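Structure assessment
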Amino acid sequence: MPSTFTSFSSLYFSTLLMLLGSGLLSTYLGLRLSAANVSEIWIGVLMTAYYVGLVMGASVGHRLIAQVGHIRAFVASAGIVTASVLGHALTSSVEVWLVLRWLVGVAMMCQYMVLESWLNEQAESHQRGRVFAGYMLVTFLGLGLGQLVLTLMPELSVRHIILVAMCFSLCLVPVAVTRRLHPAPLHPAPLEIRLFVKRIPQALSTIGVAGLLLGAFYGLAPAYASSVGLDTEHVGVFMAITIGAGLVAQWPAGWLSDRLDRSRMIQVNAIVLTTVSLLIALVAWPQLLLLLTGIFGLLAFTLYPLAVALANDHVEQEERVLLSAMLLVTFGLGASAGPLLGSVLMKFGGAPMLYVFMACSSLLLVIFVRPERVTGEHLVEEAPIQFMPAAGNLASSPLAAAIDPRVDEQVVIDQMQEEADVQDRPVAEEDDDHRPG
C-alpha cells in the first residue's frame, strides 16, 4: 500500500483536498442555517440540490472531458466549485445558495470522473485493487478531516468558506502540473433499468435505502446535533466519529461478506441499524450519543458496499460497467430524496424525527431483504465476488468501474467504446446522406 500511495500521490492528494473541502462545506452550511433559524426544509433542499447536481454532472462531465480533455476539464470544474463556494460568503440568500449547491455538485462529479479515469489509466492490472482501496481510504479520510476542522475553528465565520475555497483551489495544482499523458477518453455506459430491477431487486433496494440514510445524514445530522445541545466543536466530533467508524468498518465487513450470506448480513445490519437509530432519536446525553453515532456509522456506511458486492454476485463480468451506472443513479435518487423527506419530518416533529426517519428507512430492508428471496438463478460462477470498500456518498462516478478490480479492464474499454460507436453512428449516416453523388 505505501508504494501505491507514492505512485499515485498527486491524484490521491487532490482527492483528499476535494473531500476535505466538501465535507467541511456540507456541515458548515447545515450549522450556519440552523444557527440562523432557517427551516429544516431548506437545509434538506440544499443537500438535495447537491446530490441532484452530482447525478446530472455525470452526463456533463463526459461531454466536457470529450471536448477539452482531462486537465482542462478538471481545472474548469475546480474553478466553478471555488467560485460557487465563495459565493456563499457574498450573500445569505438561501435561494442563491440552492443554485450554488447544485453547481458544486455538477462540477465535483466532473472532477471525480477525471481523477478516476486517470487512476485507471496509470494503474497496472495487478495494482487495481490497492489503487481502488487507496482511493476509498483518502475519500473517507478527507470527509473525516473536514469535520475535525470544526473542532479547531468552532466559531462559524467566513473563515470556513475561505478554507473550503482554498482546498478546491489547491486540489487542481497536482493535476495541472502533472507531466503524465492524458488518459484516453471514456464514454458513458447506458442504463439497463429493466435488466437490473429484475435480476438484483434486493441489492438495488439496499442501495436506494443507503442513499436515503447517507443523504439525510450528511445534510441534516449537523442540524440535529446542534439542536440537541452540542456546540460547533462537538458537532464536528459527532460527524467525524460517524464517518471514521464507517471507514474502520469496511475491512471487517469485507472479511465477513466474503464468508457469510450477504443478503443475511444486510438484513441483520438493518435490524441493528433500526434499533440504533431509534435509540439516537430517544437519547440526548452527549457521551452516549457519540457512542451510538459510532455504531450508526459502522452499520450505515457498510450497507452500500455490501449491496454492491451482492449485486456483483448476480451480474456477469461484461455487465458490470452498466451496473456501476445503475448503482450511481439508484444511490443518487435515494440521496436526493433523503434530505428532503427527513427535513419535512424534522420541521413538523422536531429534530429527533431525523433518526426516526432513518429507522423507518432501514426497517424497509428488514422487511424486503430476505435470504430466502435470493433464488441464485443468476449467481455467477466466481461468486462470492471480492468485497471492496466504498464510501457510499457519491464520492465517485460511473467511471469508478474502471478502477474496480472486480471488473476486467478490457471489458470496461470494450463497453465504453461500444457505446461511443452507437452514439457516433447517426452522425456518420447523416454525413453519407448529404455527401455529393
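Residues numbered from 1 in each chain as written. Predicted model: local features only at pLDDT ≥ 70, side-chain atom pairs only at ≥ 80, totals over all residues. Heavy atoms only, no water.

Notes on the pattern of salt bridges
A side chain of one charge can pair with a side chain of the opposite charge if their charged atoms are brought near each other. Note the threshold: The term salt bridge refers to a pairing of a side-chain nitrogen on Lys or Arg with a carboxyl oxygen on Asp or Glu at a separation within 4 Å. Burial classes follow relative accessibility: with a 1.4 Å probe on protein chains only, a residue under 20% of its type's maximum area counts as buried, one over 50% as exposed, and anything between as partly exposed. Helix and strand definitions here come from DSSP, where helices need a minimum of 4 consecutive H or I residues and strands a minimum of 2 consecutive E residues; each element is numbered from the N-terminal end.
Following the criterion strictly, the structure yields two salt bridges and no others. For the salt bridge of Arg-262 with Asp-258, the shortest nitrogen-to-oxygen distance reads 2.7 Å. In this structure Asp-258 comes out as partly exposed when scored by relative accessible area, which is 29%. With its nearest N and O atoms 2.8 Å apart, the salt bridge here joins Arg-262 to Asp-313. Highlighted residues: Arg-262 in helix α12 (residues 262-282) and Asp-313 in helix α13 (residues 286-313), separated in sequence by 51 residues. For the pair formed by Arg-262 and Asp-313, the shared burial category is buried.

Brief notes about the packing of helix α6 (residues 128-152) against helix α11 (residues 232-257)
The line we're drawing: Orientation is described by axes fitted as lines to C-alpha atoms, over the contacting stretch for helices, and by angles from 0 to 180 degrees between their N-to-C directions. Every angle not falling under 35 degrees, over 145, or within 65 to 115 is termed oblique; those three ranges are roughly parallel, roughly antiparallel and roughly perpendicular. Helix crossings fall into two classes, left-handed where the near helix is turned counterclockwise from the far one by less than a right angle and right-handed where it is turned clockwise. Any pair of residues with heavy atoms lying within 4.5 Å of one another is described as a contacting pair. Just so you know the grouping, Ala, Val, Leu, Ile, Met, Phe, Trp, Tyr, Cys and Pro go in nonpolar, Asp, Glu, Lys and Arg go in charged, and all remaining residues, Gly too, go in polar.
Two elements in contact, α6 and α11, have axes separated by 7 Å at closest approach and are oriented at 165 degrees. Compared by their axis directions, α6 and α11 come out roughly antiparallel. In this structure, α6 crosses over α11, and the sense of that crossing is left-handed. Of α11, the residues touching α6 (which contributes Leu-137, Phe-140, Leu-143, Gly-144, Gln-147, Leu-148, Leu-150 and Thr-151) are Thr-232, Glu-233, Gly-236, Val-237, Met-239, Ala-240, Ile-243, Gly-246, Leu-247 and Gln-250. Here the contact of α6 with α11 is composed, by residue class, of 10 nonpolar, seven polar and one charged.

A few points about the side chain of Ser-77
Mapped onto the secondary structure, Ser-77 falls in helix α4 (residues 70-90). Excluding residues that lie within four positions of it along the chain, Ser-77 makes contacts with Leu-64, Ala-107, Cys-110 and Gln-111.

Quick look at a nonpolar patch on the surface
We count it as follows: Here, patches come from residues exposed beyond 30% relative accessible area and free of salt bridges, joined within 9 Å for like charges and within 5 Å for nonpolar side chains (Val, Leu, Ile, Met, Phe, Trp, Tyr). Accessible areas in this description were obtained via Shrake-Rupley with a 1.4 Å probe; residue shielding takes into account the shown protein chains only.
On the surface, Val-158, Ile-162, Met-166, Leu-170, Val-173 and Val-177 cluster together to form a nonpolar patch covering roughly 520 Å² of accessible area. For the nonpolar patch, the element with the most residues is helix α7 (residues 158-170), which contributes four residues. Of note, Val-173 is situated in helix α8 (residues 172-176). Exposure remark for Val-173: the relative accessible area of 40% places this residue in the partly exposed category.

Some thoughts on the confidence of the model for the protein
When pLDDT drops low, the exact placement of atoms in the prediction is not to be read closely. Condition: A residue's pLDDT is simply how confident the predictor is in it, with values from 0 to 100.
For the protein, the mean per-residue pLDDT works out to 84, and 83% of the residues sit at or above 70. Contacts of residues 422-437 to residues separated by more than four positions or lying in other chains number two contacts, the stretch itself having pLDDT below 50.

A closer look at α7
Going by this rule: Take the number of residues in a helix, subtract one, and multiply by 1.5 Å to get its expected span. Here, the arc refers to the directions that run from the helix axis to the C-beta atoms.
The first and last C-alpha atoms of α7 sit 18 Å apart over 13 residues, in line with the 18 Å expected at 1.5 Å per residue. Among the residues making up α7, those that are buried are His-160, Ile-161, Val-164, Ala-165, Cys-167 and Phe-168. The buried residues of α7 occupy an angular sector of 155 degrees when the element is viewed end-on, so they sit on one face.

Notes on the nonpolar core
Grouped burial of nonpolar side chains is what soluble globular proteins tend to show. What counts is decided by this rule: What we call a nonpolar core is a set of buried Ala, Val, Leu, Ile, Met, Phe, Trp, Tyr and Cys residues that are connected through their side-chain atoms within 4.5 Å.
In this structure, Phe-217, Phe-238 and Tyr-355 are the most contacted members of the largest nonpolar core, which totals 128 residues. At 16 residues, the largest contribution of residues to this core is made by helix α10 (residues 201-227). Setting aside its immediate chain neighbours within four residues, Phe-238 contacts Phe-217, Ala-221, Tyr-224, Ala-225, Leu-230, Leu-289, Leu-290, Thr-293 and Tyr-355.

So, the packing of α13 against helix α14 (residues 320-349)
The contact between α13 and α14 brings their axes to 11 Å, and the two run at 145 degrees. At the point where α13 passes α14, the crossing takes the right-handed sense. On α14, the residues that touch Tyr-304, Val-308, Ala-311 and Asn-312 of α13 are Arg-320, Leu-323, Leu-327 and Phe-331. Residues of the contact of α13 with α14, tallied by class, amount to six nonpolar, one polar and one charged.

Focus: the environment of Val-52
Within the element layout of this structure, Val-52 appears in helix α3 (residues 40-68). Residues Val-52 and Leu-333, 281 residues apart in the sequence, show an inter-C-alpha distance of 7.9 Å.

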